[in-house]
Amino acid sequence: MTLDSKVPGGPIAEKWDHHKFASKLVNPANKRKHTVIIVGTGLAGASAASSLGELGYQVLSFCIQDSPRRAHSIAAQGGINAAKNYQNDGDSVYRLFYDTVKGGDYRSREANVYRLAQISVNIIDQCVAQGVPFAREYGGLLDNRSFGGAQVSRTFYARGQTGQQLLLGAYQSMMRQVQRGNVKIFPRREMLDLVVIDGKARGIVVRNLVTGALETYAADAVILATGGYGTVFYLSTNAVNSNVTAAWRAHKRGALFANPCFTQIHPTCIPVSGEHQSKLTLMSESLRNDGRVWVPKNPGDTRRPESIPESERDYYLERKYPSFGNLVPRDVASRNAKQVCDDGRGVGETGLAVYLDFSDAIKRLGPDVIASRYGNLFQMYEKITGEDPYKVPMRIYPAVHYTMGGLWVDYNLMSTIPGLHVLGEANFSDHGSNRLGASALMQGLADGYFVIPYTLGHYIASTPLPKVSTDADPFKEALASTQERINRLLQVKGKRTIREFHRELGRVMWDYVGMSRNEAGLKTALERIPQLREEFWQNVSVPGSPDNLNQSLEHAGRVADYLEFAEVIALDALERRESCGGHFREESQTPDNEALRDDEHYSYVAAWEFTGVGKRPTLHKEPLVFEEVHPTQRSYK
C-alpha cells in the first residue's frame, strides 16, 4: 500500500487556496441528491453537519449521547488559538504554524499545519457571528491569554468554559439545518461497524442504545468525528463514554491507524485519590498563566505549603526554562512533574502531586480579577477537593488527556478507505507527537467548518457513486458480524466485571506505555495485553440482554476493542526508538533529560494496517518532509 498524502505543490502559503480552486464542485441542485453520514456531534461533527447541511447535502448525524450538546467537546476549558495578533505582540499565521510544528516535535505534516493556522483567523469570526461570548477587554475588543508552547497571547477564551460555548455555537448552527430538513439527528446510537461496498465507505451499523436494536444506514460518504481513545488508560480526563470503537471498527475494515502511541499527558489534572474513581478532572492549562508551579526543595518535606518559606521552594519550571517558565508545552511540564515526584519531592498524601500556586497573582491583581478569569475552575476544584485555591495552592499531577494518533488521513482528510473522512481528534493529522494547548478546538472547527465542505465535494464530484441499499450483502454481513460479537460477549458468563478488566488494562498501559517508556516495559505490556484479552473472553461477566438498554453491554464492547487496540499502541511505542513530544523513550534522552529525537530513522508517520486480532499489523510509513520549518532539537530554555 502506498500512502499518498495528496499534498498539493507550490509555496506552502498558497497550497490550500490552489487546492480549493482545483477541487471539483457539486452543483447546488445536485447536492440535495447526496446523503452523508456523520458520526459524532462534538465540535468537528456538529460544525461539519451544519456546514454540509447549509450547502444542501442530506446529512444523517449520529450521536452517542442523548443530545449533541453533551459531546465531550463541552469539557474543553481554556481557549482556542487563532493568529489574529490582536495583542500586537508579534503573532502571525506563520508563527502559529511554526509553534505548532515545533510543539509537535516535528512529527506532523507541514501542509496540514499551515492550513490550520490559515483557517484559524476565520474560525474566530465565525464563532463571534454565532454569538459565542468570548472574553473582551475593557474597550470591547476580544481578549487573549497565553498558553503553553508560545511566547505570544493568541488564545481566545470564554472564562473556563470555552469548549461549552463553542459547542453551543456549533449546535445551534446544526439545529438550524435540522429545522430546515437538511440534517437529521439520531441520538443514543453507537456505531459498531463500517460498511464498505466496492472498496468505498457506503454506510454504518449502529446499535440503538435505548431499544438495543441494530440499525443500518446507507450514504454516499461517511465522516467519523468520534474523538480520541484516552480511556484505554482507564483513568483519564476523557468522559467515561469516550472510546475507540468507531475508529477501531473502521480500522478493521481497512483504514490505517496512524501514530497510536502519541498520547498526550496533561500536566494540570487533579491527582488520583483512590480506586473509586472512574475518571480524572482536568484543571485548564490557562491556569498556568497566573499560577506558579513548585515543590519543596527538600525531599520528604510534609509541611503545609504556607509554612514553607520562599527560599525552600523550587519553582522548577521557571528555574529550568527561563524563556517559557510555567508555560512550557504539556509534555515538558508533565515529565518534569513526574521527575520531581520521583525524586521524593511530591506533595499531598500520595506524594504524586505538585503545587499550582496563585498567591502571588492574587496579591498582584486582587481576588476579583482572578475570579473573573478562572472563577468557575476554582469553584470546581474546591467542590472536588474541599480546598479553597484562593487560600491554599492547588495540587496537580499529569494525566492522560488528548490523543494525537488516530486514523490516517490525507490532505483531504480522507482515510485509506475512499469515502471515509475523519475529522478532529479521531484523525492523526495536525498535532505531531504533542498537541499545543488550545489547538484541539481550533482543529475540530477548522476541519468541520472550512475543510470538509471542499474536500467532500471534490470526492463526490469525482467518484462514481451508484445508489446502494441496506439490503445489499455487505450490509447484511456487517449486521451479522456485529450481532455475533454481541452474542459472544453475552455468552461468556464469567465471574470478573467489565470494570475490573478495564482497570487492569489501564494499569498496564499507564505503568508501561504512559509518561515514560522503555523497551523492557513495552515488551512486558505486549505480553500482558494478549493474556488479559484472552481472560476477558473467557471470564468476563456481561449481565442483561441485548434487546434493551444495557450499559454493561456497551462498556463490554468498548473494552473488548481496547484490548485489541492497546496492543497496537504498545507495538507502535516499541517500534519508535526515539523520544519525541508525548512519546518519551528513556533510552533516548539528552544529558539533561530532555526528549531526544532521531530524525534520520523516525521522521515518518507510522500507519498500521490490520491483519487480524493477535497478529502483527503491517507498518506503512509516510515520510515527513520539512521545507519550511527545519527540525532542530527543541528547547524552551
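Quick caveat, the model's predicted, so the values are computed rather than measured. (Residues numbered from 1 in each chain as written. Predicted model: local features only at pLDDT ≥ 70, side-chain atom pairs only at ≥ 80, totals over all residues. Heavy atoms only, no water.)

Peer 1: Help me understand the overall build of the protein chain in this model?
Peer 2: The helix and strand inventory of the protein chain stands at 17 helices and 19 strands. The globule rule puts the C-alpha radius of gyration for 637 residues at 26 Å, and the 24 Å found for the protein chain is close to it. Taken over the C-alpha atoms alone, the protein chain extends approximately 75 × 60 × 50 Å along its principal axes. Within the protein chain, the proportion of its 637 residues that are buried is 62%. Per element, the accessible surface of the protein chain, about 23,600 Å² overall, is 49% carbon and sulfur. For the protein chain, the distance from the average position of its 74 positive side-chain charges to the average position of its 71 negative side-chain charges is 4 Å. (Helix = DSSP H or I, 4+ residues; strand = E, 2+ residues; numbered from the N terminus. Rg over C-alpha atoms; globule rule 2.2 N^0.38 Å. Buried < 20%, exposed > 50% of the residue type's maximum accessible area, 1.4 Å probe, protein only. Areas by Shrake-Rupley, 256 points an atom, 1.4 Å probe, with all protein chains shown as cover. Lys, Arg positive; Asp, Glu negative; His and termini not counted. Charge placed at Lys NZ, Arg CZ, Asp CG, Glu CD.)

Peer 1: What exactly am I supposed to notice about the domain arrangement of the protein chain here?
Peer 2: Quite often, the size of an interface is put as the accessible area lost when its parts meet. Each domain of the protein chain was delimited in the assignment, giving domain 1 (266-400) and domain 2 (475-611). Here the C-alpha centroids of domain 1 and domain 2 sit 30 Å apart. Each partner contributes to the interface: domain 1 provides 12 residues, whereas domain 2 provides 12 residues. Summed over the three residues of domain 1 that lose the most area to domain 2, namely E275, R335 and K338, the buried surface amounts to 50% of that side. (Domains from an automatic or database assignment. Contact = heavy atoms within 4.5 Å. Buried area = accessible area lost by both parts, 1.4 Å probe.)

Peer 1: Explanation requested: the pattern of salt bridges in the structure shown.
Peer 2: Pairs can form between side chains of opposite charge whenever their charged atoms are close. Per the stated rule, a full pass over the model turns up 54 salt bridges. We note a salt bridge from R176 to E54, for which the minimum N-O separation is 2.6 Å. Taken as a pair, R176 in helix α6 (residues 162-180) and E54 in helix α3 (residues 43-55) lie far apart in primary sequence, 122 residues in all. With a relative accessible area of 44%, R176 lands in the partly exposed category. Between E575 and R616 there is a salt bridge, with its nearest N and O atoms 3.2 Å apart. (Salt bridge = Lys/Arg side-chain N within 4 Å of Asp/Glu carboxyl O.)

Peer 1: Any chance you could explain the sheet that holds strand β13 (residues 313-314) here in plain terms?
Peer 2: Each strand in a sheet pairs with its neighbour through backbone hydrogen bonds, running either in the same direction (parallel) or in the opposite one (antiparallel). As summarised here, the arrangement of the 5 strands in space is β11-β15-β14-β12-β13, forming an open sheet in which the pairing is antiparallel. The two strands at the open ends of the sheet, each matched to only one other strand, are β11 (263-269) and β13. Summarising the sheet, strand β12 (residues 292-296) and β13 pair through 2 bridges and their orientation is antiparallel. Across the sheet, residue P296 finds its bridge partner in β13, namely R313. On top of the sheet, helix α9 (residues 330-342) reaches β11, β12, β14 (354-357) and β15 (394-403); it is set at about 65° to β11, its chief contact. (Pairing = 2+ DSSP bridges. Axes fitted to C-alpha atoms, helices over the stretch in contact; angles between N-to-C directions.)

Peer 1: Quick question: what am I supposed to make of the sheet that holds strand β16 (residues 406-407) here?
Peer 2: An order of β16-β10-β18-β19 is seen for the 4 strands of this open sheet, with the pairing classed as antiparallel. Because the sheet does not close on itself, it has two edges, and the strands there are β16 and β19 (618-623). The pairing of strand β18 (residues 604-609) with β19 spans 6 bridges and is classified as antiparallel. Its bridge partner being in β19, A606 is matched across the sheet by K621. Packed onto the sheet, helix α16 (residues 551-575) meets β10 (257-258) and β18 and runs at close to 145° relative to β18.

Peer 1: Got a minute to help me understand empty space enclosed by the protein in this structure?
Peer 2: To find leftover empty space, a probe the size of one water molecule is rolled over the atoms. For the coordinates displayed, the defined rule picks out 7 cavities of 30 Å³ or more. Its boundaries defined by the atoms lining it, the largest cavity holds a volume of some 120 Å³. Around the largest cavity, the lining is made up of 13 residues, and of these L192, R249, I486, L553 and G557 lie nearest the centre. At the level of elements, β6 (189-197), α7 (245-252), α13 (473-492) and α16 are the ones that each hand at least two residues to the lining of the largest cavity. Per-class residue counts for the lining of the largest cavity are 4 nonpolar, 3 polar and 6 charged. (1 Å grid on protein atoms, 1.4 Å probe; cavity = no way out; pocket = protein on both sides within 12 Å on 5 of 7 lines; lining within 4 Å. Points joined across faces, edges and corners; volume = space filled by probe spheres on them. Nonpolar A, V, L, I, M, F, W, Y, C, P; charged D, E, K, R; others polar.)

Peer 1: Please clarify how unusual backbone geometry should be interpreted in this entry.
Peer 2: In most cases, non-glycine residues show a negative phi, while peptide bonds are predominantly trans. Even without glycine at this site, N259 takes up a positive phi of about 45°. With respect to the element layout, N259 can be found in the loop between β10 and β11. Taking relative accessible area as the criterion, N259 reaches 2% and is therefore assigned buried. For K493, which is not a glycine, the phi torsion comes out positive at approximately 50°. If you trace the backbone, K493 turns up in the loop between α13 and α14 (498-513).

Peer 1: Would you take a moment to explain the packing of aromatic side chains for this structure?
Peer 2: Two measures describe an aromatic ring pair: the distance that separates the ring centres and the angle between the ring planes. Enumeration according to the criterion identifies 26 aromatic pairs in this entry. An angle of 65° between the planes, with centres 4.9 Å apart, marks the rings of F358 and F378 as edge-to-face. Here F358 is found in the loop between β14 and α10 (359-365), whereas its partner F378 is found in helix α11 (residues 367-385), with 20 residues between them in sequence. Each member of the pair F358 and F378 is classed as buried. In textbook terms, an aromatic cluster arises when at least three aromatic residues are bridged by ring pairs, as seen for Y229, W248, F257, F565 and F610. We note K102 situated over the ring of Y636; from NZ or CZ to the ring centre the distance is 4.6 Å. Directly above the ring of Y402 sits R435, whose terminal nitrogen or CZ lies 4.2 Å from the centroid. (Phe/Tyr/Trp six-rings, centres within 6.5 Å; stacked < 30°, edge-to-face > 60°. Lys NZ or Arg CZ within 6 Å of the ring centre and 35° of its normal.)

Peer 1: So what exactly am I meant to see when it comes to the packing of α13 against α16 here?
Peer 2: Angle between the axes and distance between the axes: these two values describe a pair of packed helices. Running from N to C, α13 and α16 point in directions that differ by 100°, and their axes come no closer than 11 Å. Considering the angle they form, α13 stands roughly perpendicular to α16. Where α13 approaches α16, its residues R485, I486, L489 and L490 are matched on the opposing element by L553, A556, G557, A560, D561 and E564. A breakdown of the residues in the contact of α13 with α16 according to their chemical character gives 6 nonpolar, 1 polar and 3 charged. (Parallel < 35°, antiparallel > 145°, perpendicular 65-115°, else oblique.)

Peer 1: Before we go on, may I ask you to explain the pairing of β11 in this structure?
Peer 2: Successive residues of a regular strand alternate their side chains across the two faces of the sheet. Counting buried residues in β11 gives 7 out of 7 residues, a clear majority hidden from the surface. The pairing of β11 with β15 spans 4 bridges and is classified as antiparallel. Residue pairing across strands places H266 opposite A399, the latter belonging to β15.

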